[in-house]
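Coordinate inspection notes
What follows is each chain in one-letter form.
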Amino acid sequence: MLSVDISKFLRADGPDKVTGSGRYSADISLTGMAHAKFLYAGVASARITTLDTAAAKAIPGVFAVLTQADVPDIRFGSVADRYLFAKDVVRFEGEVVAAVAAVDADTAQRAVDAIVFEYDALPVVNDIEAALEPDAPLVHEDWESYSARRIVMDRNIASQTILTLGDADAALADADLVIEGRYIADASHAAPIEPRGVVAQWEGDKVTIWTSSQVPFQARDGVCETLELPTNRVRIIVPHLGGGFGGKCGFHYEAHIAALARAARRPVRLVFSRREEFLAPDRRREGMIVELTTGLRSDGTIAARKARILLDYGAYSSDATFFPHMAAMHALGPYKIDNVYAESSAVYTNRQPSGSVRAPTAPQACWALETHTDELAAAVGMDPVAFRRLNGVDTGASGVSGQVFDAIGLQECITLATEDVGYGDVLPGDEAIGVAIGWWPSFPGASGAYVKLDSDGKGVIVTGAQECGTGAVMTLPYLVANELGMQPEDFELVYQDTSAAPYDVGATGSQTLLNNGIATIEASYQIASRLREIAASMLEAEADDIVLENGHAHVDGSPDTAIPIARLARRANHTGMLIGKGARIAPPDPKTSISAIGDQGVSSFAGPQFSCHAVRVKLDRDTGVARVLAVSAAHDSGTIVNPIGAAGQVEGGVLMGIGQALTERTEYDDKGRQVNPALLDYKLQTFADAPPISVQFVEVFTPDMGPHGAKAIAEAPNVATAAAISNALGKLVGLPMRELPMTSERVWRAIQAVGS
Amino acid sequence: MEFVAAKDLDEALVAKANHPDAEFLAGGTDLMVEVNLAHHRPSSAIGLRRVDELREMTDLRIGAGVTWATLESHPHRALAQAARTVGSPQIRAAGTLGGNIGTASPAGDGLPWIAALDGTIELRSKDRGTRVMPWREFFVGVKRTAILPDEAIVAVRIPEDTPARQEFAKIGVRNAMVISTVSCVVTHGDNGTTVALGSVAPTPMRATRAEEMINAEKNPSEAALAEFARIVSEEVRPITDHRSTESYRRHGAGVLARRLLERCLS
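What you see is a predicted model; the values in this text were computed from it and never measured.

With that settled, the discussion passes to the overall build of chain A. The secondary structure content of chain A amounts to 17 helices and 29 strands. Radius of gyration (C-alpha) of chain A: 27 Å, near the 27 Å computed for a compact globule of 756 residues. Along the three orthogonal principal directions, the C-alpha set of chain A runs to about 85 × 70 × 45 Å. When burial is assessed residue by residue, chain A has 63% of its 756 residues classed as buried. Residue pairs in contact within chain A that sit at least 24 positions apart in sequence constitute 80% of those at least 6 positions apart. In the structure as shown, chain A presents an accessible area of about 26,600 Å², 50% of it carried by carbon and sulfur atoms.

With an omega of 0 degrees, the peptide bond between L740(A) and P741(A) qualifies as cis. Among the secondary structure elements, P741(A) is positioned in the loop between strand 29 (739-740) and helix 17 (744-755). Positive phi, normally seen in glycine, also occurs at R149(A), with a value near 45 degrees. Turning to its location among the elements, R149(A) is positioned in the loop between strand 6 (116-121) and strand 7 (152-154). The phi dihedral of K143(B) is positive, around 55 degrees, even though this residue is not glycine. As for its placement among the helices and strands, K143(B) is situated in the loop between strand 7 (139-141) and strand 8 (144-145).

Residue and element names in this part refer to chain A. Taken domain by domain, chain A consists of domain 1 (25-122 + 196-271), domain 2 (355-441 + 607-755) and domain 3 (445-584). Spacing between the C-alpha centres of domain 1 and domain 2 amounts to 38 Å. Contacts between the two partners involve six residues from domain 1, matched on the other side by eight residues from domain 2. Here domain 1 and domain 2 share an interface that buries about 500 Å² over both sides, 53% of which is from carbon and sulfur atoms. On the domain 1 side of the interface with domain 2, the three residues burying the most area are A44, E93 and F245, jointly 76% of the side's total. Where domain 1 packs against domain 2, one counts two residue pairs in polar contact (both at pLDDT 80 or more).

This part is about the packing of aromatic side chains. All names here are of chain A. If you walk through the whole model with that rule in mind, you get 20 aromatic pairs over all chains. Considering the side-chain rings of Y183 and W367, the 6.0 Å spacing of their centres and the 85 degrees angle between planes classify their relative orientation as edge-to-face. Taken as a pair, Y183 in strand 9 (residues 177-185) and W367 in helix 9 (residues 362-379) lie far apart in primary sequence, 184 residues in all. Taken together, the ring pairs in this structure connect F38, Y40, Y253 and F272 into an aromatic cluster.

With 20 residues of chain A at the interface, the matching set in chain B holds 17 residues. Interface area for chain A against chain B, summed over the two sides, is near 1,800 Å², with a carbon-plus-sulfur share of 52%. Its largest share of buried area at the contact with chain B, chain A owes to K683(A), E745(A) and W748(A), together 26% of the area lost on that side. Here D622(A) and R259(B) are joined by a salt bridge, their closest N and O atoms 3.0 Å apart. Contributions of two or more residues to the side of chain A that touches chain B are made by strand 27 (625-636) and helix 17 of chain A.

Residues and elements named next belong to chain B. For helix 4 (residues 77-84), the buried fraction is high: six of the eight residues fall into the buried class. When we look at burial in helix 4, the residues that qualify are A78, L79, A80, Q81, A82 and A83. Considering only its buried residues, helix 4 is in contact with strand 4 (61-63), helix 3 (68-71), helix 5 (89-94), helix 7 (111-116), strand 10 (165-171) and strand 11 (182-189).

Residue and element names in this part refer to chain A. One open sheet holds the four strands; their spatial order is 20-19-18-24, and the pairing between them is mixed. On the outer flanks of this sheet lie strand 20 (491-495) and strand 24 (578-584), each paired with one strand and no other. Averaged over neighbouring strand pairs, the angle between their axes works out to 15 degrees when direction is ignored. Two strands pair when backbone bridges link them, and strand 18 (residues 447-453) and strand 24 are joined in this way by seven bridges, in the antiparallel orientation. Bridge pairing in strand 24 places A449 opposite G582.

A word on the packing of helix 10 (residues 384-391) of chain A against helix 11 (residues 410-421) of chain A. Residue and element names in this part refer to chain A. For the pair helix 10 and helix 11, interaxial distance at closest approach is 10 Å and the crossing angle is 165 degrees. By the angle between their directions, the pair helix 10 and helix 11 is classed as roughly antiparallel. Helix-helix and strand crossings are classified by hand; for helix 10 and helix 11 the assignment is left-handed. Along the contact surface, helix 10 presents V385, R388 and R389, while helix 11 presents Q411, I414, T415 and T418. Within the contact of helix 10 with helix 11, the residues separate by chemical class into two nonpolar, three polar and two charged.

A few words now on a negative patch on the surface. A cluster of acidic residues, E542(A), D544(A), D545(A) and D556(A), forms a negative patch at the surface. One can find D544(A) in the loop between helix 13 (512-539) and strand 21 (546-549).

Turning to the pattern of salt bridges, a few remarks are in order. Residues and elements named next belong to chain A. Counted by the stated rule, this structure contains 59 salt bridges over all chains. A salt bridge links E431 to R616; the nearest nitrogen and oxygen atoms lie 2.6 Å apart. Of this pair, E431 sits in strand 17 (residues 431-440) while R616 sits in strand 26 (residues 609-620); the two residues are 185 residues apart in sequence, bridging distant segments of the chain. We classify E431 as buried; its relative accessible area is 13%. D636 serves as the salt-bridge partner of K711, at 3.0 Å between the closest nitrogen and oxygen. Separated by 75 residues along the polypeptide, K711 in the loop between strand 28 (693-697) and helix 16 (721-733) and D636 in strand 27 bring together distant segments of the chain. Taken as a pair, K711 and D636 share a single burial class, namely buried. Three or more residues joined by partner-sharing salt bridges are found here, namely D186, R665, E667, E739 and R746.

Parameters and conventions
Residues numbered from 1 in each chain as written. Chains lettered and ligands numbered in written order. Predicted model: local features only at pLDDT ≥ 70, side-chain atom pairs only at ≥ 80, totals over all residues. Heavy atoms only, no water. Helix = DSSP H or I, 4+ residues; strand = E, 2+ residues; numbered from the N terminus. Rg over C-alpha atoms; globule rule 2.2 N^0.38 Å. Buried < 20%, exposed > 50% of the residue type's maximum accessible area, 1.4 Å probe, protein only. Contact = heavy atoms within 4.5 Å. Areas by Shrake-Rupley, 256 points an atom, 1.4 Å probe, with all protein chains shown as cover. Domains from an automatic or database assignment. Buried area = accessible area lost by both parts, 1.4 Å probe. Polar contact = N/O pair within 3.5 Å; in protein donor to acceptor, adjacent residues only side chain to side chain. Phe/Tyr/Trp six-rings, centres within 6.5 Å; stacked < 30°, edge-to-face > 60°. Salt bridge = Lys/Arg side-chain N within 4 Å of Asp/Glu carboxyl O. Pairing = 2+ DSSP bridges. Axes fitted to C-alpha atoms, helices over the stretch in contact; angles between N-to-C directions. Parallel < 35°, antiparallel > 145°, perpendicular 65-115°, else oblique. Left-handed = near helix turned anticlockwise from the far one by under 90°. Nonpolar A, V, L, I, M, F, W, Y, C, P; charged D, E, K, R; others polar. Patch = residues over 30% accessible without salt bridge, like charges linked within 9 Å, V, L, I, M, F, W, Y side chains within 5 Å. Lys, Arg positive; Asp, Glu negative; His and termini not counted. Charge placed at Lys NZ, Arg CZ, Asp CG, Glu CD.

Here's what the structure looks like:
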């Protein structure tokens, strides 16, 4: 599709990362730099009685100790429900109470230990169902004063969405069969490999902040809001980022460190330990309870579905106000159903706040729905794949929100994944194949880029986009080179610097290449157009007849008389330079007919992506130990612009999904504290666990979405894997799985339950 | 923190006699985790990496400084199997059998093998020389041993008449870098069957009642194997913690012991 050979995609940041020459936030060291440490609450719910920093400040080598009293009295967050530092009360164990800057990390830690922090314990809201009881203690006593705007709040309900299409109750009453199920998913973590670092340095009244952020512009906005600074005094630079998976979306500690650096009158660096990375950021994948009721007709079609969803929101709003709406869409699913009702609530608890982790809410809700779907198929005596073919959406069909889909490839995904995995083959008695389907929107939005060519014909792409490891930004030179008849190596990338580049929302919502690719191509059109004009004047031809190819310009049909682009670029300096700019303008959302109370804007799935994951699982019935033997993943993400990058996203998403399915689980004690905030006891998948993963794409050209007909890709592969594994285990055990993750011990208990 | 990189065993023992509070640092795969999690901040440490004597190895005596990477190809099958399940390649390249013994975690992957073969721990001090202690006396509790403050673990010794068959297996929540939920070694030879287990008691343990029961059977029937597994499950003394529950560990111990016995008998 591209004339540039992207089948040999080489990441420009690859050598840096592989050889260790790349610089991450924690590698930055500035003259006179001090080191930061935080005092955390350490308790999930308490009223502060004493917070005395005098002894800490008196320690030699301590430059600054800050609490909320030292920064502007400003609440922030989606509903403005938190401060930079705890004020009066603490609401989760990882809440920052105070911050220290000192000559070295050990001194800073001694100062933290010297802060007098006393409190009266308050009741802990540690259970999302108990939190809804009328007499439950409130996580936020003053919730009514928050700036909820279009968000429905009520006591411990932090955000609620109610979706209604048709008449679900009437349709359930008329249904031939009604199946109910309740599914419980534990909280989990993004667990990026790089614990975050933040470095802040003031020069005069301007601050530069290097930070491990997926969303530098949001980080800048957070600093501006909480420290009352205009954007032209705050510059955010992200060095190489060591993974994010959503865990580094949002605004976290940039303002704390900027405030510390100002108070300490020197640069300050914060580097998190793994433990802090687990406990403190307002980013964790939320626990969830999903209750589903589905009415079936005797022909196997779905007449109606009701969903009740509770999400463990944690103590503060983070970016998660849209979670109830998104979870409801995934609990209803990519099916043709005319009557739906969903009541979905995010519930405040005294736990770490939940926030966007790769495809937020989708893996858990899809796991619940798709486990339920196998139960539905069994209830009507249908093969579960045939059931999905019958009820799954297709081109021209209307989905659960009344959105009518343009050309989509879900049905073909089902065909490809099931054929590839060998669905229907005779298997050994301890093996089974599970299948699940999933969906996820693309998020078209504002995004900008510049491209310039210098006088030697080499170029620079200056982009607001953030590279979080997916290779999305690294793909931009291929898109530009393709437009200009040049090579990707001809371009340097300047990225992750809010003062250099125009706005982009950041590496969030799988939107980097989707939006910035459009902006960058638009910028390169302008350069291509200038190059054609210059070449046309030299070749005495019309600009429209000039072809840019192999680093040269020639008149169409006369390739022998070609001018090197470097020569055109030299000439351009005398005739107006080669500077292009591009900005993506988002198309309007597809129409829906669903009613949404507490509408968070996700009833409509722009550029909807679809997937089918089929997994072959082997189960040791004596121990409950499951092994995923093979995964076949088929995806409709529109045109695939970068096949290597896209396949990498699917492989990574699947492996993350296997972890969610089998091992990844954040546990809490009865006081709301994490029991396993360490990689020793929070088990990610390793290479030894990774099965062969076969990736196939159904390339449905999708207009007005990403470059060349692409949709997004990065989050969608993380949606359906856990669900497919659940269905394989359900077959092997003889009972549907009801708890996520499906640990060996839980599976063994299910086997015991069947046996008894 | 004070650090001495000992050149040889004598120097290490002198340093330990002078600083009984010092920690020995071999691979560091346990000690540094404790330090990094701020569970433990030793005042001084004695490095053992340069002490060649600790890396000496024969079939019946394994130096404390022998790494898991080396043990992966040890002629004792169950020890080699256990070695292959330890951590990651990096951890196996650094971690040592002596470290496993010194840490004395209930989940130590090398410990059931020592128990199954009735191994002894060779200790040495500057002033009193060598003493050899049976494993049962050495391991006294969770991460507690009978070592004296001036002693170093020098080697593990095993008796000469080693059993013809030996098998190791463990249950963990994933396939690498995992702490055992249950681990087990079964041996079988002219002197009968032994069964040793890890992660199911404060120390590595032998399932002696199960051994007696199965040793009374000439050709164990299906019912005898089931009974054997049941007794193992009954004999172990696991706890419920955040990694697993008592009931699952009991059950897993029986499953592993029976499977390994069947492998030994096949």
